[in-house]
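Structure assessment
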Amino acid sequence: MLKSLKTSLAISLLIASAGPAFSEGLGLGRTATIDEVSAWDIDVRPDGMGLPEGSGTVIEGEEVFAERCAACHGDFGEGVDRWPVLSGGQGSLTDERPVKTIGSYWPYLSTVYDYINRAMPFGESQSLTPDEIYGITAYLLYMNDVVTDEEFELSKANFTSIRLPNEDNFFFDPRPDTPIFKATDPCMSDCKPEVTITSRARVLDVTPDEDDGGAGSID
Amino acid sequence: MSDQKHHQASGTSDQHVSAGSEASKGPSRRSFLRAGAASSLAMGAGLLAGNKAAATGDPAILELQDWNQYLGEGVDARPYGTPSPFEEHVVRRNVSWLTADPISSVNFTPLHDLDGIITPSGLCFERHHSGIAEVDPAQHRLMIHGMVDKPLVFTMEDLKRFPRENHAYFLECAANSGMEWRGAQLNGCQFTHGMVHNIMYTGVRLSHLLAEAGVKPKGSWLLAEGADSSTMTRSIPLEKALDDCIVAFAMNGEALRPEQGYPVRLVVPGWEGNMWVKWLRRLEIGDAPWQHREETSKYTDLMADGRARRFTWVMDAKSVITNPSPQAPLMHDKGQTVLTGLAWSGRGTIDRVDVSLDGGRSWHAARIDGPSLNKSLHRFYFDFNWDGKPLLLQSRAIDSTGYIQPTKSALRSVRGENSIYHNNGIQTWHVKGPGEVENVEVS
């Protein structure tokens, strides 16, 4: 992808200064340079598109993780306080309180590389080298029992051969999934026999300003 | 705008008769109570009346107020106006236990303090993942690349040279009402429904920008990326991008607020707010979704069987009564009462809103007032004569596709309680009497 992008860029750079006819557009903006595109084009896809050259082992990753990540995510990815949990939770997705982690929930490994590269460490994003990110990703695979060998090395070459266990459990949005009333009007009177209160906010009482002690997550 | 509709008031005509005097007395009667009623009344009247016989009446009328007598500030005092100090309680609020810290967090629009359909810019709920990026517009660029004929870079000046459009659209976070899946939890529509706002955007069509770069025939997806330190990304199908997405630089007539993505954000009408990338800096065309963190780990809906829905983009029809509600109980006794709320749908306009006073046993058509715009908030009212007895208030919206807002139990029966996102179930408020409303669920 990057290669073909470079080819098409080279061509478009050649014709860029000509100035487009009106039928081709409004002539606004300028052509991006190859260096500009590669400076910002950091995204990685499940098919490996966007992965840079590099590699890192579980053990190398553990070191970087301890230094750059563990303060929030815990030494083993278990999460400190309410910072996100990154490992464990396998088999919990049908529980009352599911634990959604890289190992238990995430469908693709490329997301781990992409997200750490673009957003972590929190407050100092885009400060890790490709080798460091490959190593951290290998370490997180190890902490989630996807790989079991401490010597395991993750690289651009073997990256797409690794599959996460929950990949097949995602399916496309089937909504609308509740009854649609197009032809028939909804019920207007005597819609149910009697009405009783089945749940009250008072019972949990976690509204701010009253009690700050609830538990939950928005996302 | 062509899709405006007018809705007739119904179910209210027989209730107007007895109520008029109570309603007109409302505000002054309240200030009476606040001022300490009868004794202060007599005193105020006495001071003012001097020798004459003591006047009786409202001190707000009988006494001279400061603003009746003295000069106010001049035109230089408030170059950018702010609300009256008497409105200082009208603010966005945070629920601190929701997130680990306030940098990657959310606050909520005070819906119970607002009216009409447009959300004031400073009260629009905020959700950001790395704090508010303070972007210098002179240093901001928007890049389009990937499967295009010509990768392009635009400055803000360039963007403003495309033909502009104005549209009012609601933005709702997919996690709005997400804390209520397991039962009534938060006392206030600000917290249960406040991750929504409605803005008049000015911007340019994304399709115009893409045409300028020339999308290659195999391009079918678009990755939108922000310039903040979370470098937020979402994959958007090209069909939607070309249909109605807007690259917006103004809200409610002025530049975007930093909290809303200044200097430029993506507008994805009717779809979940997370896709409306703020501080928009990059658009890449590709032939497959990127499966990034915000569309895999987050914004996927876990079902009871452990499987998960993905790409749940559209926001289903929803409504909520904003007054009365737990933070805004009825402050008067029985008599003429205004019930109001908001309704919206990511699939079009709202055709109709019904209101129930008895927990869903019987329903009355509410009156939609103000413009009925595509994928925008709608304001509804139900004016009735309250008998002073407890009420179980509900509202149910029906959109222009015929979709009817479901009950919470109907939603749970298809989705379980772990999906976090897309809870558009019917809300119940228990009005216990004057001064008290609670968030409840009913059978």
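Everything below is about the structure printed above this text.
Note on numbering: residues in each chain are counted from 1, in written sequence order. Going through the entries in the order they are written, you letter the chains from A and number the ligands from 1. Local features in this predicted model are restricted to residues of pLDDT 70 or higher, and side-chain atom pairs are both shown and tallied only at a pLDDT of 80 or more, whereas totals for entire chains, interfaces and linings draw on every residue. The basis for every side-chain value is the complete set of non-hydrogen atoms in the structure, without hydrogens or water.

1. Digging into the overall build of chain A
Secondary structure counts use DSSP, requiring at least four H or I residues in a row for a helix and at least two E residues in a row for a strand, with both numbered from the N terminus. Helix and strand content of chain A: seven helices and five strands. Element order for chain A, N to C, with α for helix and β for strand: α-β-α-β-α-α-α-α-β-β-β-α. Relative accessible area decides the class of each residue, using a 1.4 Å probe on protein chains only: under 20% of the type maximum gives buried, over 50% gives exposed, and in between gives partly exposed. Counting the 219 residues in chain A, one finds 40% classified as buried. As presented, chain A carries roughly 11700 Å² of accessible surface, and 52% of it is formed by carbon and sulfur atoms. All accessibility values rest on the Shrake-Rupley procedure with a 1.4 Å probe; residue burial counts only the protein chains present in the view.

2. Side note on the pairing of strand 24 (residues 436–442) of chain B
Here strand 24 of chain B lies mainly inside the structure; six of its seven residues are buried. As paired elements, strand 5 (residues 197–200) of chain A and strand 24 of chain B share three bridges and run antiparallel to each other. Paired with Ile197(A) across the bridge in strand 24 of chain B is Val442(B). The pairing of strand 23 (residues 428–433) of chain B with strand 24 of chain B spans five bridges and is classified as antiparallel. Within the sheet, the bridge partner assigned to Gly433(B) lies in strand 24 of chain B and is Glu436(B). The turn joining strand 23 of chain B and strand 24 of chain B, which pair antiparallel and follow one another in sequence, is formed by two residues; a positive phi near 85 degrees is taken by Gly435(B). Strands were regarded as paired on the criterion that DSSP finds at least two bridges between them.

3. Some remarks on the interface of chain B and chain A
Two residues form a contact once any of their heavy atoms are found within 4.5 Å. Taken together, the 117 residues of chain B in the interface contact 90 residues of chain A. The term buried area denotes the loss of accessible surface (1.4 Å probe radius) that occurs when two parts are joined, taken as the sum for both partners. Here chain B meets chain A over a buried area of about 8800 Å², counting both sides, of which 54% is carbon and sulfur. Salt-bridge detection follows one rule: a side-chain nitrogen of Lys or Arg within 4 Å of a carboxyl oxygen of Asp or Glu. Inspection of the chain B/chain A interface yields nine salt bridges. We define a polar contact as two N or O atoms separated by no more than 3.5 Å, with the added condition that, inside protein, one atom must be a possible hydrogen donor and the other a possible acceptor, whereas residues neighbouring each other in sequence contribute only through side-chain atom pairs. Linking chain B with chain A are 47 residue pairs in polar contact (both at pLDDT 80 or more). Among the elements that take part in the side of chain B that touches chain A, strand 24 of chain B stands out by supplying six residues, more than any other. Ten residues, namely Ala, Val, Leu, Ile, Met, Phe, Trp, Tyr, Cys and Pro, are considered nonpolar, four, namely Asp, Glu, Lys and Arg, are considered charged, and the remaining ones, Gly among them, are considered polar. A breakdown of the residues in the side of chain B that touches chain A according to their chemical character gives 47 nonpolar, 35 polar and 35 charged.

4. Topic: empty space enclosed by the protein
Picture a little ball the size of a water molecule; that probe, rolled over the atoms, points out where space is still empty. Points on a 1 Å grid over protein atoms alone make up a cavity when a 1.4 Å probe fits among them but cannot get out, and a pocket when they form an open set with protein on both sides within 12 Å along at least five of seven lines; lining residues each have an atom within 4 Å of a point. Grid points are joined across faces, edges and corners, and a volume is the space filled by probe spheres set on the points. This model, assessed by the stated rule, comprises six cavities of 30 Å³ or more. Here the largest cavity defines a volume of roughly 240 Å³. Lining the largest cavity are 21 residues, and of these Arg127(B), Arg265(B), Gly273(B), Asn274(B) and Lys278(B) sit closest to its centre. In the lining of the largest cavity, the residues fall into eight nonpolar, seven polar and six charged. Empty space within the second largest cavity amounts to approximately 80 Å³. Considering the residues around the second largest cavity, the lining is formed by Asp114(A), Tyr115(A), Arg118(A), His129(B), Ser230(B), Thr231(B), Met232(B), Thr233(B), His292(B), Arg293(B) and Glu294(B). Sorting elements by how many residues they give to the lining of the second largest cavity places helix 5 (residues 109–119) of chain A first, with three residues. Of the residues that constitute the lining of the second largest cavity, the class distribution is two nonpolar, five polar and four charged.

5. Some words on the nonpolar core
Nonpolar cores are built from buried Ala, Val, Leu, Ile, Met, Phe, Trp, Tyr and Cys residues. Side-chain atoms within 4.5 Å join them into one set. If you look at the biggest cluster of nonpolar residues, it comprises 69 residues, and the most contacted ones within it are Phe154(B), Leu206(B), Leu209(B), Leu222(B), Val247(B) and Leu280(B). Among the elements that line this core, the one with the most residues is strand 10 (residues 246–251) of chain B, at six residues. When neighbours within four sequence positions are excluded, Leu206(B) is seen to be in contact with Leu222(B), Ala241(B), Cys245(B), Ile246(B), Val247(B), Leu266(B) and Leu283(B). Residues Leu51(A), Ala70(A), Tyr139(A) and Ile162(A) belong to the second largest nonpolar core, which totals 36 residues.

6. Structural notes on the pattern of salt bridges
Residues and elements named next belong to chain A. This model, assessed by the stated rule, comprises 42 salt bridges over all chains. When the shortest N-O distance is used, the salt bridge between Glu53 and Lys156 registers 3.5 Å. Taken together, the residues Glu53 in the loop between helix 2 (34–40) and strand 2 (55–57) and Lys156 in the loop between strand 3 (153–155) and strand 4 (170–172) connect sequence positions 103 residues apart. Measuring nitrogen to oxygen at the nearest pair gives 2.8 Å for the salt bridge that ties Arg118 to Asp114. Of this pair, Arg118 and Asp114 both sit in helix 5, four residues apart, which is roughly one turn of that helix.

7. Describing the sheet that holds strand 4 of chain A
The strand order across the open sheet built from three strands is 4(A)-15(B)-14(B), with neighbouring strands paired in mixed fashion. The outermost strands of the open sheet, each flanked by one partner alone, are strand 4 of chain A together with strand 14 (301–302) of chain B. In this structure, strand 14 of chain B lies alongside strand 15 (residues 308–310) of chain B, joined through two bridges in antiparallel fashion. Following the sheet pairing, Leu302(B) is matched in strand 15 of chain B by Ala308(B).

8. Points about a negative patch on the surface
On the surface, Glu60(A), Glu62(A), Glu63(A), Glu67(A), Asp75(A), Glu78(A), Asp131(A), Asp149(A), Glu150(A), Glu151(A) and Glu153(A) cluster together to form a negatively charged patch. Residue class for Glu60(A) comes out partly exposed when judged on its relative accessible area of 45%. Here, patches come from residues exposed beyond 30% relative accessible area and free of salt bridges, joined within 9 Å for like charges and within 5 Å for nonpolar side chains (Val, Leu, Ile, Met, Phe, Trp, Tyr). None of His or the chain ends enter the tally, which takes Lys and Arg as positive and Asp and Glu as negative. The atoms used to mark charge sites are NZ of Lys, CZ of Arg, CG of Asp and CD of Glu.

9. What about helix 9 (residues 408–415) of chain B?
Residues and elements named next belong to chain B. Three or more residues of helix 9 are buried, namely Lys408, Leu411, Arg412 and Arg415. Viewed along the axis of helix 9, the buried residues span an arc of 95 degrees, placing them on a single side of the element. Counted as exposed and oriented over 90 degrees from the buried face of helix 9: Ser409 and Ser413. Of the surrounding elements, those touching the buried residues of helix 9 are strand 14, strand 15 and strand 24. A positive phi of about 75 degrees marks Gly416, the residue just after helix 9. This arc is built from the directions going out from the helix axis to the C-beta atoms.

10. Let's talk about the sheet that holds strand 2 (residues 105–108) of chain B
All names here are of chain B. Strands sit in the order 1-2-3 across an open sheet of three strands; the sheet is antiparallel. Edge positions in the sheet fall to strand 1 (93–94) and strand 3 (127–128), since each has one partner strand and no second. Where strand 2 and strand 3 come together, two bridges link them in antiparallel fashion. Pairing of Val106 across the sheet is with Arg127, part of strand 3.

11. With respect to the state of the cysteines
All names here are of chain A. We call a pair of cysteine sulfur atoms a disulfide whenever their separation is within 2.5 Å. Under the defined criterion, the tally for this structure stands at one disulfide over all chains. Unpaired in terms of disulfides, Cys69 finds its nearest cysteine sulfur in Cys72, a separation of 8.9 Å. We classify Cys69 as buried; its relative accessible area is 15%. By relative accessible area, Cys72 is classed as partly exposed at 24%.

Note that all results are geometric; they support no functional claim without further evidence.
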